Amino acid sequence: MAKKVRLSELALARSGDKGDISDIGLMAFNEKNYAIIKKQVTPQRVKEHFKDWVKGNVEIYEMPNVLSLEIVMHQALGGGATKTLRFDQTGKAMGNALLFMEVEAD
Amino acid sequence: MKKVKIAGCSAGWPDMMDPAIDAAKNSDAQYLAFDHLAELTMAILERQKAKRPDRGYIPDVIPLMRELLPIWKERRFKMVTNAGGANPEQCAEEVIKLAKSLGITGLRIGVITGDDLPIERVKELKAKGLKFKNYDNDEPDIDRVMDDLVAAYVYIGSDRVIEALDQGADLVIAGRLSDNSLFVGPFMYEFGWKYEDAYWDRIGAGVCTAHLLECGTWSCGTCSNFWAEVPEPWHSGAPICEMDENGESVISKVAGSGGLVRADTLKEHLVYEVHDPENYLMPDGIGVTTAVKLEDIGPNQVRISKLGDKPRGKPRPDTLKFCLAHADGYISEYTMIVPGPKAYDMAKRCEDFFYKRLDMVGVKPVETLVSFIGYNALYGPAAPPINYEPNELGVRFAIKTKTIQEARQARLQATLSWYAAGVGTAFGAPSEREVFALWPSLIPREEVPTKLEMREVK
């Protein structure tokens, strides 16, 4: 059976905001990890991970030049930095939160 | 081959001032660029200006210029800033006063206005039939909040920056000039890049590279995943980019400064807030962030080059980002700290107390959020189950209401919830604030005529 690991063992993350959109750059440590995250970090899994903190669609773009995924989460910051009730108004920690997601590594 | 050196000297407001002063003194950068504005900043500055017509710009520009102008006198670099905020004219006026008091002469200032639309102008545009869709929630037009508008501003591009530099400006002061254009403007002016088909690849390279610089010292290892390896972040250097006329560049930092520039630290910026990496929309052009290559070429030196044959840019969009800020009720917050043992159970008990009290006093907030600092304040429902015994937990209540009275009443109930906790609970200072929500939209470029005024300190 494949071993389950947290994304933090495969990649780094950096997140930011534009309005109510939270963007996460998920940067794989190497080609092998990039292949794993490309396959397993899907919009559906990201939505499940964040539950009701991400209310809109999730889009995932590939950046092969830097072995990274750009994860764009809509309606993901409680209305956006100026009106959200969250302490982390700009979602700087959303990337860190994603690193708790478990994926299967071989 | 022609090259130009530009330093990224500010990432927001407030920021450290010494990296800028260090770049001015100890580098040979020909340009210093300063970004001071975040999405909300313009609305705050707009409100300040409404109360006092001589406010509305970023006040830090004055102490900053007090340090920089004497260095400028010797070194004659050029400076581009969006510190004008909601009042670039007044900002220029204050800088001129300061320059005179310092005995500086010959300083030419380009003042760019027109990005900040009066509410009356928004009404006019609506009367003409324009609709301002909200790109966060897809609401088709702004009618619902039209009466609550407090500010409307457009993210403008480099057109007037290029013109100002062409007219010999030493300092360009703009309002909501996009962060990206603080760098792309000088690139376009120096290399003669035009908004034409022959140049989109190079402008795109400029857009991608500017994206790596606009966060100032962040590109030099502040706020980085590599924080533990970053030497002396407390005097981190400003990033310095040497760009050539083909759009290829080397990013380094001021010699002798702290911080760290590596392909890794720049990669963190390349993936930051771009949405679709193939279409990084900026007013001067669309950057293709997947078409550039980052490589370490020496200590604190990274080359940014073209990856294969893929174009690095596409034509600039016909519309500009248009942000409308409107009043949207109130938020009150209260945080207390409950002690262990059983801090989690105690925190839950306080949460229950709060909701029961809200019911009893009949306050119906628009929205509430109770989070436990030390467990789920940052991660919300993505936090894994609590499987440890925290020494202490912060309990944070955040409440959104329509009126300030409800905000105060709800906060009072949050404050009282420490009655439900055990002895040893510490309570801090509560607060309320007015909320300005942002309505992100688009506006046709031609509806935003900007203006350049040249001034000189004689």
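Let us look at the structure shown here.

### Considerations on the overall build of chain B
Part 1: What chain B contains, in helices and strands, is eleven helices and 19 strands.
Part 2: Relative to a compact globule of 458 residues, whose C-alpha radius of gyration would be 23 Å, chain B shows 24 Å and is just as compact.
Part 3: Summarising its shape, the C-alpha atoms of chain B cover approximately 70 × 55 × 50 Å along the three principal directions.
Part 4: Taking all 458 residues of chain B together, the buried fraction comes to 57%.

### Remarks on the overall build of chain A
Part 1: Counting its regular elements, chain A contains three helices and six strands.
Part 2: N-terminal to C-terminal, the α/β element order of chain A is β-β-β-α-α-β-β-α-β.
Part 3: Its C-alpha atoms give chain A a radius of gyration of 13 Å, within 12% of the compact-globule value 13 Å for 106 residues.
Part 4: Principal axes of the C-alpha set define a box for chain A whose edges measure 45 × 30 × 20 Å.
Part 5: Of all 106 residues assigned to chain A, the portion counted as buried reaches 57%.
Part 6: Once local pairs closer than 6 in sequence are excluded, the contacts in chain A between residues at least 24 apart make up 58%.
Part 7: Accessible area for chain A stands at about 4,400 Å²; split by element, carbon and sulfur atoms hold 50% of it.
Part 8: Of the charged side chains in chain A, 15 are positive and 14 negative; the average position of the first set lies 3 Å away from that of the second.

### As for the nonpolar core
Generally speaking, nonpolar side chains in soluble globular proteins are found buried as a group.
Part 1: Formed by 69 residues in total, the largest nonpolar core has its most connected members in Phe 132, Phe 187, Phe 322, Leu 324 and Ile 443 of chain B.
Part 2: Of the residues forming this core, the biggest block, seven residues, is contributed by helix α8 (residues 200-213) of chain B.
Part 3: Ignoring anything within four residues of it in the chain, the contact list for Leu 324 of chain B reads Val 122, Phe 132, Ile 142, Leu 149, Ala 151, Ala 152, Ala 437, Leu 438, Trp 439 and Ser 441 of chain B.
Part 4: Within the second largest apolar cluster, 54 residues are counted, among which are Ala 13 and Leu 67 of chain A together with Val 395 and Ala 414 of chain B.

### Side note on the packing of helix α1 (residues 18-26) of chain B against helix α3 (residues 61-75) of chain B
All names here are of chain B.
Part 1: At a closest axis distance of 9 Å, the pairing of α1 and α3 adopts a crossing angle of 10°. In terms of orientation, α1 and α3 fall into the roughly parallel class. Each of Ala 20, Ile 21, Ala 23, Ala 24 and Lys 25 in α1 lies in contact with α3, whose residues at this interface are Leu 64, Glu 67, Leu 68, Ile 71 and Arg 75.
Part 2: A breakdown of the residues in the contact of α1 with α3 according to their chemical character gives seven nonpolar, no polar and three charged.

### Thoughts on the sheet that holds strand β10 (residues 285-287) of chain B
All names here are of chain B.
Part 1: The antiparallel open sheet is built from three strands, whose spatial order is β9-β10-β13. Of all the strands in the sheet, the pair left with one neighbour each is β9 (280-282) and β13 (313-314).
Part 2: Relative to β10, β9 is paired through three bridges, and the arrangement is antiparallel. What sits directly across from Met 282, in β10, is Gly 285.
Part 3: Sheet strands touched by α8: β9, β10 and β13. Its angle to β10, the strand with the most contacts, is close to 65°.

### Focus: the interface of chain A and chain B
Part 1: Counting from both sides, the interface comprises 43 residues of chain A and, opposite them, 46 residues of chain B.
Part 2: Between chain A and chain B, roughly 3,900 Å² of surface is buried when both sides are summed, and carbon and sulfur atoms account for 62% of that area.
Part 3: Three residues, Arg 14, Thr 82 and Leu 85 of chain A, lead the burial of chain A against chain B; their summed loss comes to 22% of the area buried on that side.
Part 4: At the surface where chain A touches chain B, the tally comes to two salt bridges.
Part 5: Ionic pairing is found between Asp 328 of chain B and Lys 83 of chain A, a salt bridge with its closest N-O pair at 3.5 Å.
Part 6: Connecting chain A to chain B are 16 residue pairs in polar contact (both at pLDDT 80 or more).
Part 7: Contributing elements (two or more residues each) for the side of chain A that touches chain B: β2 (11-18), β3 (21-28), α2 (43-50), β4 (58-63), β5 (68-73) and α3 (94-98) of chain A.
Part 8: Residue contributions to the side of chain A that touches chain B peak at seven residues, all from β2 of chain A.

Rules used throughout
- Residues numbered from 1 in each chain as written.
- Chains lettered and ligands numbered in written order.
- Predicted model: local features only at pLDDT ≥ 70, side-chain atom pairs only at ≥ 80, totals over all residues.
- Heavy atoms only, no water.
- Helix = DSSP H or I, 4+ residues; strand = E, 2+ residues; numbered from the N terminus.
- Rg over C-alpha atoms; globule rule 2.2 N^0.38 Å.
- Buried < 20%, exposed > 50% of the residue type's maximum accessible area, 1.4 Å probe, protein only.
- Contact = heavy atoms within 4.5 Å.
- Areas by Shrake-Rupley, 256 points an atom, 1.4 Å probe, with all protein chains shown as cover.
- Lys, Arg positive; Asp, Glu negative; His and termini not counted.
- Charge placed at Lys NZ, Arg CZ, Asp CG, Glu CD.
- Core = buried A, V, L, I, M, F, W, Y, C linked by side-chain atoms within 4.5 Å.
- Axes fitted to C-alpha atoms, helices over the stretch in contact; angles between N-to-C directions.
- Parallel < 35°, antiparallel > 145°, perpendicular 65-115°, else oblique.
- Nonpolar A, V, L, I, M, F, W, Y, C, P; charged D, E, K, R; others polar.
- Pairing = 2+ DSSP bridges.
- Buried area = accessible area lost by both parts, 1.4 Å probe.
- Salt bridge = Lys/Arg side-chain N within 4 Å of Asp/Glu carboxyl O.
- Polar contact = N/O pair within 3.5 Å; in protein donor to acceptor, adjacent residues only side chain to side chain.

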